[in-house]
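Secondary and tertiary structure notes
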Amino acid sequence: MASPIALIQGASRGLGLEFCKHILKSKTSAGVIATCRNPDGAAELRGLVGQHPGRLTVLGLDVNREEDISEAAKRVKESFGRLDLIVNSSAMLHPSGKGETSLRDVSAQGIISTLTTNTVGPLVMAKYFAPLLQKGGGGFGQQPVEKAKQHSGIIVNITAKVGSIGDNGLGGWYSYRMSKAALNMATRNLSIELGRSRPKVVCVSLHPGTVNTDLSRPYHKNVPKENLFSTERSVNCLMSIIETLNIEKTGKAYNWDGTELLW
């Protein structure tokens, strides 16, 4: 079986960087493609290249620019020809850095910017990279014995519990909530289309918990210490879920602990 290849979108820091570290360390045969807007400014990511020679490739990609995504897909096709896993991890809370607390804070541009990064970007990633996932070897997740139910690749969209419509009892954060709810719908749609194909691609949304990253930092004081996860703890949990995925679990959202998340 060929060595698995994972692509981590939004890999310069936070969860994306931790996904790169985890896969390089725990799946020693795997290759990793890390994308970010500014590779030259991603010092820690570039340091990983030296630590794992020949296993980590860094590509410039702004998820808000379709031409960047298209060009990156061409380069990956030329260099690798396939993918086994994509994790869409880049996200923004709001251009201001804080979620809206009331209608007075809502602006059209704020909503558009947040949706572009959190929803449109991952969907366009799927558009260009799904053909490479369909050529993958199914190197992540669990494969059933029945060949017709085996998958060739996995798409993971990092969602958030606040994107759950059924769980929303507090309101606020219009842009972020809407962007993650829409991302979940994209995941569901992708799972239907790519689940019909042969070979099949598993598509899920994963909630990483409240993680100690720049995105959540303005709200840390409201989070009990035991509920604020390090990136390492969160990615350990999420990778444990990813390694149990199969076509029976596609089209759903899961919490960091593996429980199913309400849409």
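Everything below is about the structure shown above.
Read on for a plain summary of the structure.

Conventions we followed
Residues numbered from 1 in each chain as written. Predicted model: local features only at pLDDT ≥ 70, side-chain atom pairs only at ≥ 80, totals over all residues. Heavy atoms only, no water. Helix = DSSP H or I, 4+ residues; strand = E, 2+ residues; numbered from the N terminus. Contact = heavy atoms within 4.5 Å. Core = buried A, V, L, I, M, F, W, Y, C linked by side-chain atoms within 4.5 Å. Buried < 20%, exposed > 50% of the residue type's maximum accessible area, 1.4 Å probe, protein only. Phe/Tyr/Trp six-rings, centres within 6.5 Å; stacked < 30°, edge-to-face > 60°. Lys NZ or Arg CZ within 6 Å of the ring centre and 35° of its normal.

A word on the environment of M125. The topology assignment puts M125 in helix α4 (residues 108-133). For the pair M125 and Q109, spaced 16 residues apart in sequence, the C-alpha separation works out to 22 Å. Apart from residues lying up to four places away in sequence, M125 is in contact with L7, Q9, L61, V63, I69, N88 and A130.

The next thing to look at is the environment of M92. Here M92 lies in the loop between β4 (85-88) and α4. C-alpha of M92 to C-alpha of T117: the two residues are 25 residues apart in sequence and 6.8 Å apart in space.

A word on the nonpolar core. Formed by 35 residues in total, the largest nonpolar core has its most connected members in F19, I23, L45, L85, V156 and I242. Of all the secondary structure elements, the ones that give two or more residues to this core are β1 (5-9), α1 (14-26), β2 (31-36), α2 (43-51), β4, β5 (151-158), β6 (200-206) and α6 (231-242). The element best represented in this core is α1, accounting for six residues. Those residues in contact with V156 that lie beyond four places of it in its chain are L85, I86, V87, N88, V204, L206 and I242. Ranked by size, the runner-up nonpolar core spans 24 residues in total, among them A73, M125, L133 and L190.

Summed over the entire model, instances satisfying the criterion amount to two aromatic pairs. Summarising the aromatic geometry, the rings of W173 and Y176 are spaced 5.9 Å apart at their centres and angled 75° between planes, so their arrangement reads as edge-to-face. W173 gets classed as partly exposed once you look at its relative accessible area, which sits at 22%. Relative accessible area serves as the criterion here: at 7%, Y176 is assigned to the buried category. An angle of 90° between the planes, with centres 4.8 Å apart, marks the rings of F229 and W256 as edge-to-face. Within this pair, whereas F229 is found in strand β8 (residues 228-229), its partner W256 is found in the segment after β9 (253-254), the two being separated by 27 residues in sequence. For F229, a relative accessible area of 3% translates into the label buried. Over the ring of F229 we find R233, and its NZ or CZ is 3.8 Å from the ring centre.

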